[in-house]
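# Architecture and fold: a report
In case you want the letters, here they are:
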Protein chains: 2
Amino acid sequence: MDDVREEFQVLDDYLTKHGLKHSKQRVVVLGHFLDTSGHMTVDDLFRVIRRKHPRIGRTTIYRALKVFVDAQLAEAIELRDGLTRFEHKFLHAHHDHMICTECGTILEFLSPEIERLQDEIAEAYGFAIESHRHQMFGRCQKCTRSRSRSRKKAVGR
Amino acid sequence: MDDVREEFQVLDDYLTKHGLKHSKQRVVVLGHFLDTSGHMTVDDLFRVIRRKHPRIGRTTIYRALKVFVDAQLAEAIELRDGLTRFEHKFLHAHHDHMICTECGTILEFLSPEIERLQDEIAEAYGFAIESHRHQMFGRCQKCTRSRSRSRKKAVGR
DNA sequence: CTACATGCAAAATCTTTGCACCCCG
DNA sequence: CGGGGTGCAAAGATTTTGCATGTAG
């Protein structure tokens, strides 16, 4: 709570506004969430946090992330491994993903042109978009180059 | 096996080619899979099949669908409810989806222009696309109209 | 006959819930 | 104090796996 980053203020405001409590755990989880890559699973985060805060349970992380999603600080994304990952949403514009099925690397991209076409299509169908996701699966540049010596660590099930 | 649809021939060829067996169950599962909407979960299919073939277990359906996916007769898609759904792939061109979060309706769309832009983006990143999915979540025309009397049957978790 | 297929039950995973206890406001 | 929060364990839900048995080729 000695951390005065603006993000914490956002959480603070959200909690107050919704009559929720400002617990120590939530601040810890938010701090670690913001300090990590931004494509973490609950378990990734749990393992990181456990090192410094062994008393914080998985359940709390699940619940904290839900609060963050509601507070627009995080966004849940799903790739193809059955796990939910959480992205930073605060001050992080919308984008979509390219996921390397070889090494798991996640590249972000944004195409205003695609977004526009998407809106046109939805409109043609009378469909009111609330959210979308556009994911490409394949090999990143690095893994395409080293195709021969396949380092197995695929993301798929 | 008195069904001589071309799709069965494709499965037949695939099984033979891969040294797999042409079991009665696989034909039954394929028949029902092809007769249904094409966005079925394993359980949807299981419940339909169970009525006529109570001896066929869930496991067999899981395994049969895996064979169909390998045989390019089906494709696994995931929306946002944690379930894997299976689409008809045979003679069914690639397309993407709009999913109504109100009534669960799935609309299909295809935009060659988006596909082209997508390829350009991937190329710029040196990313070799193997597959992709582009999903929009929101309200279909029908549910947008009847927004007031909300018929709760959402797809989301 | 041999190898793959099946079906049941058990295991594996990820996530949610029940509940007693804790603590913020 | 009171209502939300936490943590543990148990429950849920979906999918996979082990194993004995069945059957296609």
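Anything mentioned here points back to the structure above.
Residues numbered from 1 in each chain as written. Chains lettered and ligands numbered in written order. Predicted model: local features only at pLDDT ≥ 70, side-chain atom pairs only at ≥ 80, totals over all residues. Heavy atoms only, no water.

## Looking at the interface of chain B and chain A
If you look at the interface, chain B gives 35 residues, while chain A gives 35 residues. Roughly 3200 Å² is buried in total at the junction of chain B and chain A, and carbon and sulfur atoms are behind 57% of that figure. The three residues of chain B that bury the most area against chain A are Y125, F127 and R133 of chain B, which together make up 22% of that side's buried surface. Remark: the boundary between chain B and chain A carries two salt bridges. With a closest N to O distance of 3.5 Å, E130 of chain A and R139 of chain B form a salt bridge. Applying the counting rule to chain B against chain A returns 23 residue pairs in polar contact (both at pLDDT 80 or more). Broken down by secondary-structure element, the contributors of at least two residues to the side of chain B that touches chain A are strand 4 (96-100), strand 5 (106-109), helix 5 (112-125), strand 6 (128-139) and helix 6 (141-145) of chain B. If one sorts the elements of the side of chain B that touches chain A by residue count, strand 6 of chain B sits on top with twelve residues. Of the strand pairs in this sheet, strand 6 (residues 128-139) of chain A and strand 6 of chain B are connected by eleven bridges, and their pairing is antiparallel. Bridge pairing in strand 6 of chain B links G138 of chain A to I129 of chain B. (Contact = heavy atoms within 4.5 Å. Buried area = accessible area lost by both parts, 1.4 Å probe. Salt bridge = Lys/Arg side-chain N within 4 Å of Asp/Glu carboxyl O. Polar contact = N/O pair within 3.5 Å; in protein donor to acceptor, adjacent residues only side chain to side chain. Helix = DSSP H or I, 4+ residues; strand = E, 2+ residues; numbered from the N terminus. Pairing = 2+ DSSP bridges.)

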